[in-house]
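Chain by chain, the residues:
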Amino acid sequence: METKDIILELRKKSDLSQDELAEKLYVTRQAVSRWENGETVPNTETLKLLSKLFDVSINTLLGSPQTLICQCCGMPLDDTTISKETDGAFNEDYCKWCYTDGNFVYSEIRELTDFLVGHMSNENFPPEQARAYFEAELPKLKHWRKDEK
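Rules used in this analysis
Residues numbered from 1 in each chain as written. Predicted model: local features only at pLDDT ≥ 70, side-chain atom pairs only at ≥ 80, totals over all residues. Heavy atoms only, no water. Helix = DSSP H or I, 4+ residues; strand = E, 2+ residues; numbered from the N terminus. Expected span 1.5 Å × (residues − 1). Buried < 20%, exposed > 50% of the residue type's maximum accessible area, 1.4 Å probe, protein only. Arc of directions from axis to C-beta. Contact = heavy atoms within 4.5 Å. Disulfide = S-S within 2.5 Å. Phe/Tyr/Trp six-rings, centres within 6.5 Å; stacked < 30°, edge-to-face > 60°.

Chemist: Quick question: what am I supposed to make of helix H6 (residues 109–120) here?
Modeler: Each α-helix winds once per 3.6 residues, and so residues spaced three or four apart point in a common direction. Relative to the 16 Å expected for 12 residues at 1.5 Å per residue, H6 spans 16 Å between its end C-alpha atoms, a close match to the ideal helical length. Buried within H6 are the following residues: Leu112, Thr113, Leu116 and Val117. Projection of H6 onto a plane perpendicular to its axis shows the buried side chains occupying an angular sector of 135°, all on one side. Opposite the packed face of H6, turned more than 90 degrees from it, sit the exposed residues Arg110, Gly118 and His119. Structurally, H6 contributes buried residues whose contacts are with helix H7 (127–137).

Structure, rendered in structure tokens:
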């Protein structure tokens, strides 16, 4: 789905007119009309306001152009699992289980690995295999990369 269709659908689901949406976003009705006709796309600041107003990620507003994964645990992200900042804005880098209320839940990679092995291993993915997988993959994620700390 394209941005124009997503904005139109979200506006109608919220039972808002173009004028009412424009007022909430501090733009003109014509701007809303241009977005919904696909003539333009909202700027970054307006996308943030739309995200907060409709409680969807910017990624969703843009038609989910990229597959998001938690940069702490590697879990795929969608609007129901993406973390939020203390002001309610989406943080598209982390899941709500790794990053809550502006704080990281896991301070040590070993702590997260132990948790994941305990919850993800099964008869087809034995604990030793799960541990080896997470020990190889987690350090590649942004939160655990040593060169970015």
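Now that the structure has been shown, the text picks up again.
Chemist: Explanation requested: the environment of tyrosine 106 in the structure shown.
Modeler: Position of tyrosine 106 among the secondary structure elements: in the loop between strand S4 (103–104) and H6. A relative accessible area of 11% means that tyrosine 106 is categorised as buried. With 34 residues separating them in the primary sequence, tyrosine 106 and cysteine 72 have C-alpha atoms 8.5 Å apart. Not counting residues within four places of it along the chain, the set of residues in contact with tyrosine 106 comprises Trp97, Cys98, Glu111, Leu112, Phe115, His143 and Trp144.

Chemist: Would you mind going over the state of the cysteines with me for this structure?
Modeler: Any covalent bond linking the sulfur atoms of two cysteines counts as a disulfide. If you walk through the whole model with that rule in mind, you get zero disulfides. Sulfur of cysteine 72: no disulfide; nearest cysteine sulfur belongs to cysteine 98 and is 3.8 Å away. Assessed through its relative accessible area of 0%, cysteine 72 is described here as buried. Not engaged in a disulfide, the cysteine cysteine 95 finds its nearest cysteine sulfur in cysteine 98; these two sulfurs lie 3.6 Å apart.

Chemist: In this structure, what is going on with the environment of leucine 21? I would like to understand it.
Modeler: In this fold, leucine 21 is placed in helix H2 (residues 18–25). Taking the C-alpha atoms as reference, leucine 21 lies 9.2 Å from leucine 50; in sequence the two are 29 residues apart. Excluding its chain neighbours within four sequence positions, the residues that come into contact with leucine 21 are Ile7, Arg11, Leu16, Val32, Leu50, Leu53 and Phe54.

Chemist: So what exactly am I meant to see when it comes to the packing of aromatic side chains here?
Modeler: Describing an aromatic ring pair means giving the distance of the ring centres and the angle of the ring planes. Applying the stated criterion to the full structure yields seven aromatic pairs. Ring centres 5.9 Å apart and planes at 45° place the aromatic pair tyrosine 106 and phenylalanine 115 in the tilted group. Between phenylalanine 125 and phenylalanine 134, the aromatic rings sit 6.3 Å apart at their centres with planes inclined by 75°, giving edge-to-face as the arrangement. Considered together, phenylalanine 125 and phenylalanine 134 belong to a single accessibility category, that of buried residues. Counting every residue linked through ring pairs, the aromatic cluster contains Tyr94, Tyr99 and Phe104.

Chemist: Honestly, the environment of aspartate 5 in this entry has me stumped. Any pointers?
Modeler: Note on placement: aspartate 5 falls in helix H1 (residues 3–13). Considered as a pair, aspartate 5 and arginine 110 are 105 residues apart in the sequence and their alpha carbons are 44 Å apart.

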